[in-house]
Number of protein chains: 2
Amino acid sequence: MLTLTFLGTSSGVPTRQRNVTSLAVQTVAGHDWFLVDVGEGTQHQLQHTRLSLHELAAICITHVHGDHCYGLPGLLASAGMAGRKKPLKLIAPLPVWDWLDATRACTDLHLPFEVTHVDIASGATPLWDAAGVRIGAHALSHRVPSHALSVDVETRRIKLDADALRAAGLPAGPLWKALQEGQDVSFEGRMLRSADFATQQAQQVRAVIGGDNADVSLLAEACHGAQVLVHEATYTQAVLDKAGPGPMHSSAKQVAAFAQAVAVPNLVLTHFSARYHNAEGLMELETEARSQYSGGLWLANDFDVFELDADGVLNKKQGKAEQKK
Amino acid sequence: MLTLTFLGTSSGVPTRQRNVTSLAVQTVAGHDWFLVDVGEGTQHQLQHTRLSLHELAAICITHVHGDHCYGLPGLLASAGMAGRKKPLKLIAPLPVWDWLDATRACTDLHLPFEVTHVDIASGATPLWDAAGVRIGAHALSHRVPSHALSVDVETRRIKLDADALRAAGLPAGPLWKALQEGQDVSFEGRMLRSADFATQQAQQVRAVIGGDNADVSLLAEACHGAQVLVHEATYTQAVLDKAGPGPMHSSAKQVAAFAQAVAVPNLVLTHFSARYHNAEGLMELETEARSQYSGGLWLANDFDVFELDADGVLNKKQGKAEQKK
């Protein structure tokens, strides 16, 4: 399973409704979780969720622009002041690592835990592979090098052959559970072996999470087998046409048409220009996307939580991220 | 007149009630205003006030610690995206300037306005002198070089000699206003000259705003003639004794005893440890300060606004900083 908690959904500048970009990614493999981008104020947003900086395994930064990384030093400093000792991976472009170095040197920042850099542009596949979670990077097109991340989560389940068990005369109950857990059991004088009735099945789900990007078609391969694409839709096509190609962002239309073409079943749009600050503006974006795309479509708000279950079904959780008491 | 708007009053880390340090200083001399410190999230806090980044004249940073400066890059970037062209002064330690340089180089930050550095440690007096406002720096004692700022505001008023005017037979009315504005007036066949009835008076007020500091007595000279001292009181004396001298902060007791000794008439405490997150904790700090000090005493909250009028009287404005519609 994969849980996505949006911590910031605004492009460029924070607004009173939306912070700049950050997304928390949790998996069932332990309590560890990941951050994708860390705009200024991400640590403040986290204070309104149950996510703990102690259990943060890695921070991934898609590109060097400030609205995606200026929250990094403060978040690390606060983790240090909270007594974090566990090493942390920083999956980021090299200039972000250089900036962190400069920040340590210039601002008297001494972290009580190790941060190691993984170059997001290294081409290594995957960049992260641990506890059933694999993270890969996919080059995008923006004013600076930018990457999308693919997150693959494998869930292993032991499935019992219920028909065979019933044929063997064993009624559903505690002995089924024992067989599922790998124990051989004795039943009416016979030995029933787990290996004869239980088979291991691996299920894999994939989410693709874009950074800033002017050419969504670059994600065609990454979206193969993905159940959800999270991508920027900074503005409508009309506004993009007016802004010209300089900013190198995507329109809702472009992203939705791509999602339709590659048949990704769920699309979550984010990174909205501050011009879409009200319901009317968001409706413009949604209507444009819906005109292109027939799958599950959402426009993310700060603190929205989405769960991708082991069967690859995406659900938006009711309400916002659970608040700390 | 001098208006102080507290934008962050927490020490080290943000809490759900208090952001890290920042204070806006406004004077009546035009719309220009100043920031003293710019912790992460300061631009977010400003969105809940009427203060505009277009009219920000200077940013003063007392020392390099992140909870006092990590909001700088994002605030400058947002000012740029909002179309600011007016040059800005950065009155800060040299390493903050170096950090801003590194930030520009590493994160593709291109500001459409000029930022010029004034070294807060240069010893120049004053560091800023314009439009009736003078800013000076005063060295403090902390783990890194830290400075307090003194802000002097001069207000010039033209005062009429009402007794002399009445003796001359001129009743209060439009002619009084003309005389006050420097015009000579004709009254019952006589010429009354403004210079004979109007005199210019200059009134000066001073606020002293500390950075992080373990030795408040260093501000004895700066507080001479000041109407208000804003200073950190990170914890109570008991907690300071337990923490030991390492952190190099002040207790409420130390600061209040100093304010009493130098007879500064108003004291605003700020920069509270996150341990004082509730009313009970704040009451501890206040009780300790009150036991030492008989002047006007306040513990600042985020969005508290204080006005120091031209006569040197400090008032806390009712309610919080006026919100944008």
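Residues numbered from 1 in each chain as written. Chains lettered and ligands numbered in written order. Predicted model: local features only at pLDDT ≥ 70, side-chain atom pairs only at ≥ 80, totals over all residues. Heavy atoms only, no water.

S.K.: Please explain the environment of Phe 6 of chain B as it appears in this structure.
M.R.: All names here are of chain B. Structurally, Phe 6 is set in strand S1 (residues 2–8). Look at Phe 6 and you get buried, because its relative accessible area is 1%. Along the chain, Phe 6 and Glu 286 lie 280 residues apart, while their C-alpha atoms are 18 Å from each other. Apart from the residues within four sequence positions on either side, Phe 6 is in contact with Ser 22, Leu 23, Val 230, Val 268, Thr 270, Ala 300, Asn 301, Asp 302, Phe 303, Asp 304 and Phe 306. (Helix = DSSP H or I, 4+ residues; strand = E, 2+ residues; numbered from the N terminus. Buried < 20%, exposed > 50% of the residue type's maximum accessible area, 1.4 Å probe, protein only. Contact = heavy atoms within 4.5 Å.)

S.K.: Can you walk me through the nonpolar core in this structure?
M.R.: What tends to happen in soluble globular proteins is that the nonpolar side chains get buried as a cluster. Of all hydrophobic cores here, the largest spans 66 residues; its most connected members are Ile 59 and Leu 90 of chain A together with Ile 59 and Leu 90 of chain B. Excluding residues that lie within four positions of it along the chain, Ile 59 of chain B makes contacts with Leu 35, Val 38, Leu 72, Leu 75, Leu 76, Leu 88, Lys 89, Leu 90 and Ile 91 of chain B. (Core = buried A, V, L, I, M, F, W, Y, C linked by side-chain atoms within 4.5 Å.)

S.K.: Quick question: what am I supposed to make of the relation of the copies chain B and chain A here?
M.R.: Related by rotation about an axis and a shift along that axis, the two copies of the chain form a pair. Of the transformation superimposing chain B on chain A, the axial component is 0.0 Å and the angular component is 180°, with the fit at an RMSD of 0.1 Å. Taken together, the rotation and translation relating the two chain copies correspond to the operation of a two-fold axis. Considering only C-alpha atoms, the part of chain B nearest the rotation axis is Gly 41 of chain B, at 2.7 Å. (Least-squares fit on C-alpha atoms with pLDDT ≥ 70 in both.)

S.K.: Explain the packing of aromatic side chains to me, please; I cannot follow it from the model alone.
M.R.: In this description, a pair of aromatic rings is defined by centroid distance and the angle of the planes. Taken as a whole, this structure holds nine aromatic pairs over all chains when the rule is applied. Taking the centre distance of 5.7 Å and the plane angle of 80° together, the rings of Phe 6 of chain A and Phe 306 of chain A count as edge-to-face. Placement of the pair is Phe 6 of chain A in strand S1 (residues 2–8) and Phe 306 of chain A in strand S16 (residues 304–308), with a sequence separation of 300 residues. The two residues Phe 6 of chain A and Phe 306 of chain A agree in class, both being buried. Relative to Trp 128 of chain B, the ring of Phe 34 of chain B has its centre 5.2 Å away and its plane inclined at 90°; by these criteria the two rings are edge-to-face. Taken together, the positions of Phe 34 of chain B in strand S3 (residues 33–38) and Trp 128 of chain B in strand S7 (residues 128–130) put the pair 94 residues apart, joining distant regions of the chain. Here Phe 34 of chain B falls in the buried class, since its relative accessible area comes to 4%. (Phe/Tyr/Trp six-rings, centres within 6.5 Å; stacked < 30°, edge-to-face > 60°.)

S.K.: Looking at this structure, how should I read the pairing of strand S4 (residues 56–60) of chain A?
M.R.: Where a strand is regular, its side chains alternate between the two sheet faces. Residues and elements named next belong to chain A. Most of S4 is tucked away: five of the five residues are buried. With four bridges connecting them, strand S3 (residues 33–38) and S4 associate as parallel partners. Bridge pairing in S4 places Phe 34 opposite Ala 58. When S4 meets strand S5 (residues 88–92), the two strands line up parallel, connected through three bridges. Bridging across to S5, Cys 60 finds its partner in Ile 91. (Pairing = 2+ DSSP bridges.)

S.K.: What is the right way to look at the interface of chain B and chain A in this model?
M.R.: Every contact between the two is made by 36 residues of chain B and, on the other side, 36 residues of chain A. Taking both sides of the interface into account, the surface hidden between chain B and chain A amounts to around 2,900 Å²; carbon and sulfur atoms contribute 54%. Counting the surface chain B buries against chain A, the share from its top three residues, Arg 16, Glu 40 and Tyr 70 of chain B, is 26%. There are zero salt bridges connecting chain B and chain A. Taken together, the residues of the side of chain B that touches chain A sort by class into 14 nonpolar, 17 polar and five charged. (Buried area = accessible area lost by both parts, 1.4 Å probe. Salt bridge = Lys/Arg side-chain N within 4 Å of Asp/Glu carboxyl O. Nonpolar A, V, L, I, M, F, W, Y, C, P; charged D, E, K, R; others polar.)

S.K.: In this structure, what is going on with the sheet that holds strand S7 (residues 128–130) of chain A? I would like to understand it.
M.R.: Strand pairing in a sheet relies on backbone hydrogen bonds, with the paired strands running either antiparallel or parallel. All names here are of chain A. Across the sheet, seven strands lie side by side as S7-S8-S9-S12-S13-S14-S15; this open sheet has mixed pairing. In this open sheet, the two strands that pair with only one neighbour each are S7 and strand S15 (296–299). Between one strand and the next, the sheet's axes are offset by a mean angle of 15°, whatever the strand orientation. The pairing of strand S14 (residues 266–270) with S15 spans four bridges and is classified as parallel. Its bridge partner lying in S15, Leu 269 is registered against Leu 299. Against the sheet, helix H9 (residues 252–262) makes contact with strand S13 (228–232) and S14, and its axis sits at roughly 165° relative to S14, the strand it touches most. Running at roughly 160° to S15, helix H10 (residues 279–290) makes contact with S14 and S15 of the sheet. (Axes fitted to C-alpha atoms, helices over the stretch in contact; angles between N-to-C directions.)

S.K.: Which parts of the structure should I look at to understand the pattern of salt bridges?
M.R.: When their charged atoms lie close together, side chains carrying opposite charge are able to pair. All names here are of chain A. Applying the stated criterion across every chain yields a total of 18 salt bridges over all chains. Arg 156 is paired through a salt bridge with Glu 154; the nearest N and O atoms lie 2.9 Å apart. Assessed through its relative accessible area of 53%, Arg 156 is described here as exposed. Of the residues examined, Glu 154 reaches a relative accessible area of 28% and is grouped as partly exposed. Between Glu 181 and Lys 177 there is a salt bridge, with its nearest N and O atoms 2.7 Å apart.

S.K.: Mind showing me how you'd approach the environment of His 147 of chain A here?
M.R.: Here His 147 of chain A is to be found in strand S9 (residues 147–160). Spatially, the C-alpha atoms of His 147 of chain A and Ile 120 of chain A are 7.5 Å apart, while their sequence positions differ by 27 residues.

S.K.: Honestly, the side chain of Ser 251 of chain B in this entry has me stumped. Any pointers?
M.R.: Residues and elements named next belong to chain B. Note that Ser 251 resides in the loop between helix H8 (237–243) and helix H9 (252–261). The class for Ser 251 is buried, based on a relative accessible area of 0%. With residues near it in sequence (within four places) discarded, Ser 251 still touches Ala 233, Tyr 235, Thr 236, Gln 237, Leu 240 and Glu 288.

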